[in-house]
Structure formats: C-alpha cells, structure tokens
Amino acid sequence: MSEWIDFVVYVVQLVMLGVFIPRQSVQFTVPAMVDRNPAWPASHPERMRAIASSRWFLNTFYAWTVLSIGALLSQRLGLFPSIGSVDTPSWENLKNLHGLFMTVGVIGYLACFLYWTRWLAATVPLAATRTATLKPRSPSDYLPGWWRWTIEALTAAQLAAWLILPALGFGGGRRYWATFAFAAAITVSMSVLAHYTTRRRPSYGDRLFGDAYRRLELRVYDVMRVVAPLALGAMTFGRIAGLDVARPGHLAVVLFSCILGFAFLRLRPAQPGAPTSFKPAAHERQAAA
Amino acid sequence: MEITVLTTSPEPVYEQIVRQIQDRVASGELAPGAPLPTVRQLAGDLQLNRNTVARAYKQLEDRGVILTAGRKGTFVRDDASSEVERIKTSRAERSVRQLVLALLGAGLSRAEIETLFRDALRVASPKETTP
C-alpha cells in the first residue's frame, strides 16, 4: 500500500481539524452569548464588533494546518528528519509525526474552548429571566425506536461474541481480555454520555442547530458504542490470524474521525419556526433580534 | 410548553415554579397524568440549584398537584385540577379577607366596601356584573 494513501488520509484529518471545524465553531460565538444573556450583545456593540473582527483563532489553526501538512510532506519526501529509530518503517514515522501534530492541534483546540467558556462565564452575566420546557426529554424525542433497538442489539451481540469466541477456541489470553475490558469500557462510557446528552440543558448548539444538534450527539455516541468494540475486535482477530492490522486499523480510525467531523460540518442552522424541543421565550427572541 | 422564572423578582423562584405549574394544571395545559421534567432537567435548563426545583416539586406534591413515582418520573395527579381550584379559591378567600380587614381598619363602612367591590367588578368584567 502506497504511503501516499496514508499521507492523503492524514491531510484530510488535519484540514478537518485545522480549517473546517474551527470555521464551524466560530458560528457558535454569538449564540453562546445570547444563550447566557439575550440582552448583552445588544448592550455591548463595541465588544461585539471586536469579537466579530477577531481572527486570531482561525488564523492560528490555519497556520497549524499549513505547518502540519508541510512537515508531513517533507517527511514523505525525505526532507524531514525521522522522529523514531532508524529501524522504524517510514509509514510509522509518518504516523508518529501526524500523531504529534494532531495531539498539539487537539490540545490547542480544547485550550481555546476552555478559554472561551471561562471568558464567557466571566464576561457575560447570566440573564435574570430564564426559560425552560415543561416537557421531559427522552431519547425517543431524537432517535427512532428501530435505531435504538438496533444499537442495543448490536452492542449486546458484540459483547456476547467477545465472551463466546474464546470458548470456541478463538482468542483468549491476557491481552485478549484486556482489549475486551477496554472495548466494554468504551461501550459503557458512550452509554453514560448518551444518557447525559438527553438530559443536559439546551446549549447554544441547540439554539443554533435545533434538535439536529442533540440528535447528532446521540448518534455519534451510539455509533461509537458499536464501532469501537468492532474495530478493536477486528484488530485483535487480525493479530491472532497473523495479519499486520496496525496500519490499516490506524487509517480506519483516522477516517472514522473524519466522518464524524463531516457529520458535524453538515449541521445547518435551524430554520426560524422549525419545530424544536426547546425554543427561547418570545422576549428572548425579541432581545436577540 | 414553557416555564419562565425571574431571579430578580421579589417572589421566590421556587414559588414562581409552583405558581406556573399550578396555573398550567388549572388551565388544562398540563393534563392529568402528564409527565413533568426531572428535577435535574428543570434545574439544569433554568440554571438553578437543584434544591430550588426540588423544593417546588415537594410543595406541589404536598398540595396534591403532582405525584412522584420513583424512577418512573413525576406526573400531574389525576385529581390535580380540583386540587388546584381548591388552592386558588382558598388563596383568593384569604386575599379578599385581608383586604376587607384592611379597609375596615382604614375606617370604611360595610356598605362602602360593598360599593367598592361592585365598582371594581364592573370595571374588571362589565358583562358579568351588568344586570
């Protein structure tokens, strides 16, 4: 398999994290402030103008993307020194370099998000008037029954397969059970996150994208419940069968994260008046306008 | 169906929640058996302390308006409408009694108070009071 395929997959992920996701994220700026206090943006036009003209966040990520792709290209062309030992295969060097830049990018993104939430809490006071729905939220408001039952069935079938296969002579051993424990932990974590997502308070994402935002969150956690143990299983049984699955497995994980990123990018602001489970009160809508 | 609270209001927030839920039950917006959000959901949505919402729910439960059925959730009681009507009537009686006492204390006669009430009713709902 040509290492240019690895390069292209990594570039897609870097562009996703460094260009498209930051561009999508900045759409949340004003709705986040309106969510805390609908009157604040209108009463602070100077600050709003400064925020609207600020480009440091986007420019930083664009620069990171160019730097990352340049470094990967240099590595691919043999211009960049190897960060591993001399025996390390070149595809693994490319993978390690990509991993390094992705780690920096993800930490940078999370740091910006943390800075933003702290700034928001410190600068924009909570509105005295607050509105909430009197309708309880449940998963059935966002996902159809067939979806939920399919996810539950697939999750149960996978976990059962992990337990049954060693009894049939496939797998077993300390490493196998450690991988199983990891897969089960991911499944449980995703279930807990989905449970929390249904009940969490409507955020600016819900205001901007409507019900589609929470629906996407729930779908991501559900898909992760199924795909993560499946990927770990495929890698485990590939290893047992003597296949080298590390490289395609890693590329598959990178591509999967890109698919999740594309799903986030496909979200579009909800049409005014579209049915949502949460809407701001009339006075809030007026103030926001 | 939404609930709105004003944290700067002199009326305590938990009482605003109680009043609004009672009003919706009385108007039929919240039908008997209708589920209500959990304390955690409502407190989170209103960005309030959970104890505030729990206190409101406890008061509604004590008044016989809602019923907490363990993990199944919280529901409007089947006989909640009549209970809310009774609460409203008793609250109105208390308010009127206090007002009458205040007017008597201010030196107004029984006839004057009756006239005041008749006039006030005529202004508030002319059709019902016009013979």
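## A look at the pattern of salt bridges
Residues and elements named next belong to chain A.
- Counted according to the given criterion, the structure contains 15 salt bridges over all chains.
- With a shortest N-O distance of 3.3 Å, D141 and K135 are connected by a salt bridge.
- What makes K135 partly exposed here is its relative accessible area of 44%.
- The shortest N-O distance in the salt bridge between E217 and R200 comes to 2.5 Å. Here the residue E217 occupies a position in helix α10 (residues 211-240), and R200 occupies one in the loop between α8 (174-199) and α9 (204-209), the gap between them amounting to 17 residues.

## Topic: the confidence of the model for chain A
Residue and element names in this part refer to chain A.
- Across chain A, the average pLDDT comes to 83, with 91% of residues at 70 or higher.
- Of all the helices and strands in chain A, helix α12 (residues 282-288) carries the lowest mean pLDDT, 46, while helix α5 (residues 56-76) carries the highest, 93.
- Here residues 272-285 is modelled with pLDDT under 50, and outside its nearest four sequence neighbours on either side it reaches 25 contacts, counting other chains as well.

## Some thoughts on the interface of chain A and chain B
- Counting from both sides, the interface comprises 19 residues of chain A and, opposite them, 21 residues of chain B.
- Summed over both sides, the interface of chain A with chain B buries roughly 1800 Å², with 54% coming from carbon and sulfur.
- For the chain A face of the interface with chain B, the top three residues by lost area are R130, A132 and L134 of chain A, together amounting to 42%.
- Linking chain A to chain B there are one salt bridge.
- For the interface between chain A and chain B, the tally reads 11 residue pairs in polar contact (both at pLDDT 80 or more).
- Ranked by residues supplied to the side of chain A that touches chain B, first place goes to strand β1 (residues 129-133) of chain A with five residues.

Definitions and limits used
Residues numbered from 1 in each chain as written. Chains lettered and ligands numbered in written order. Predicted model: local features only at pLDDT ≥ 70, side-chain atom pairs only at ≥ 80, totals over all residues. Heavy atoms only, no water. Salt bridge = Lys/Arg side-chain N within 4 Å of Asp/Glu carboxyl O. Buried < 20%, exposed > 50% of the residue type's maximum accessible area, 1.4 Å probe, protein only. Helix = DSSP H or I, 4+ residues; strand = E, 2+ residues; numbered from the N terminus. pLDDT = per-residue confidence, 0-100. Contact = heavy atoms within 4.5 Å. Buried area = accessible area lost by both parts, 1.4 Å probe. Polar contact = N/O pair within 3.5 Å; in protein donor to acceptor, adjacent residues only side chain to side chain.

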